Amino acid sequence: PDSLACSECHHRGGFDGAGDLSQNAFFDGDGYAPASGFERNAPHVLGLGVVQKLAEEMTAALALRRDELKFGAESSGKAQTLPLDAKGVSFGELTAHPDGTLDTSRVKGVLPDLVVRPLGWKGGQSTIRDFARDGFQRHHGMQAVDPATPGKGPAWDKDEDQNTTEIIPGMLTTITVYLALLDIPVMIPPEDPKLLERHGKGWEAFHRVGCGDCHRASLPLADSSLKITD
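What you are looking at is a predicted structure, and each value in this text was computed from that prediction instead of being measured. (Residues numbered from 1 in each chain as written. Predicted model: local features only at pLDDT ≥ 70, side-chain atom pairs only at ≥ 80, totals over all residues. Heavy atoms only, no water.)

A separate point is the overall build of the chain. Secondary structure summary: the chain contains four helices and five strands in total. Going from N to C terminus, the chain has its helices and strands arranged as β-β-α-β-β-β-α-α-α. Its C-alpha atoms put the chain at 60 × 60 × 40 Å along the principal axes. Within the chain, the proportion of its 230 residues that are buried is 28%. Considering only residue pairs separated by 6 or more positions, the chain has 48% of its internal contacts joining residues 24 or more positions apart. Per element, the accessible surface of the chain, about 14,500 Å² overall, is 58% carbon and sulfur. Charge separation in the chain, taken as the distance between the mean sites of 23 positive and 33 negative side-chain charges, equals 7 Å. (Helix = DSSP H or I, 4+ residues; strand = E, 2+ residues; numbered from the N terminus. Buried < 20%, exposed > 50% of the residue type's maximum accessible area, 1.4 Å probe, protein only. Contact = heavy atoms within 4.5 Å. Areas by Shrake-Rupley, 256 points an atom, 1.4 Å probe, with all protein chains shown as cover. Lys, Arg positive; Asp, Glu negative; His and termini not counted. Charge placed at Lys NZ, Arg CZ, Asp CG, Glu CD.)

Below you can see the structure in the form of structure tokens.
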């Protein structure tokens, strides 16, 4: 375990913020030598409800594209290839064959199931609930009652430590609701004229070198009701 509370790492700028250098976590190491793991700083967890909602809409757009492509291939009797994109973000190309099979070898940025997973170190979870479940296990050593929890024991005690109530469903629901309703971070340009000029030059360079191709300045939601999947 890295800490006893989420706020021990997510505190810079206030609760739910990023972490200091001293709060860096080391993933997949041997538990002794820092050099054996992947060092990562705790990011802020603000706006996660919007992040999940955005991913859900993009996933739905990719699924619709896939279904349309399969229907076109089956109807025409010929393989069809079309680009995959959602909200202006490219996910490569997808090919459908008349027999209903798919060639996902040129799909980029998502797994073959076309589910956008924005949460976690490298996009491992698609929902806040799964993100919280993984965080409790990975950072606090607290296991949820779930078949996907790592370990060789039964579902209610996968690590076989005889403690079967480390994280119950109600606890996960509580933290999921909390994270889903956190404020959306807003970038405020500096007021000082010299700093504002440098800010503008940095913004221009950011997009000129291509950073903005992935880190989009705007990805508006089609439905802003924030009815996310638990």
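Any two side chains of opposite charge can pair if their charged atoms end up close together. What the rule picks out here adds up to 10 salt bridges. Between Lys87 and Glu57 there is a salt bridge, with its nearest N and O atoms 2.9 Å apart. Of this pair, Lys87 sits in the loop between strand E3 (80-86) and strand E4 (89-96) while Glu57 is found in helix H1 (residues 48-76), placing the two residues 30 residues apart along the sequence. On the basis of relative accessible area, Lys87 is assigned to the partly exposed category, the value being 30%. (Salt bridge = Lys/Arg side-chain N within 4 Å of Asp/Glu carboxyl O.)

This part is about the pairing of E4. For E4, a buried count of six out of eight residues is recorded, marking the element as mostly surrounded by other parts of the structure. By the bridge criterion, six bridges tie E3 to E4 in an arrangement that is antiparallel. Residue Gln80 lies in a different strand from E4, and its bridge partner there is Ala96. Taking the residues between adjacent antiparallel strands as the criterion, E3 and E4 are bridged by two residues, where Lys87 takes a positive phi near 55°. Relative to strand E5 (residues 102-103), E4 runs antiparallel, the two sharing two bridges. Directly across from Ala96, in E5, lies its bridge partner Leu102. Taking the residues between adjacent antiparallel strands as the criterion, E4 and E5 are bridged by five residues, where Gly100 takes a positive phi near 95°. (Pairing = 2+ DSSP bridges.)

Glancing now at the sheet that holds E3. Each strand in a sheet pairs with its neighbour through backbone hydrogen bonds, running either in the same direction (parallel) or in the opposite one (antiparallel). Read across the sheet, three strands follow the order E3-E4-E5 without closing on themselves; strand pairing throughout is antiparallel. Every other strand in the sheet has two partners, leaving E3 and E5 as the edge strands with one partner each. Across the face of the sheet, H1 comes into contact with E3, E4 and E5 while running at roughly 170° to E3. (Axes fitted to C-alpha atoms, helices over the stretch in contact; angles between N-to-C directions.)

Residue classification places Glu57 among the buried positions, given a relative accessible area of 16%. In terms of polar contacts, Glu57 uses its side chain to reach the backbone amide nitrogen of Asp223, at 2.9 Å. Ignoring anything within four residues of it in the chain, the contact list for Glu57 reads Lys87, Pro220, Leu221, Ala222 and Asp223. (Polar contact = N/O pair within 3.5 Å; in protein donor to acceptor, adjacent residues only side chain to side chain.)

With 16 residues, helix H4 (residues 193-208) should reach 22 Å at 1.5 Å per residue; the first-to-last C-alpha distance of 22 Å fits that figure. Measuring from the backbone nitrogen of Lys194 back to the side-chain oxygen at the start of H4 gives 2.9 Å, which picks out Asp192 as the cap. Phi turns positive, to about 105°, at Gly210, one or two residues after H4. (Expected span 1.5 Å × (residues − 1).)

Let's shift gears to unusual backbone geometry. Here Glu160, not a glycine, exhibits a phi torsion of approximately 55°, which is positive. Mapped onto the secondary structure, Glu160 falls in the loop between helix H2 (128-140) and helix H3 (169-180). Even without a glycine there, the phi angle at Gln162 is positive, about 70°. With respect to the helices, strands and loops of the structure, Gln162 is situated in the loop between H2 and H3.

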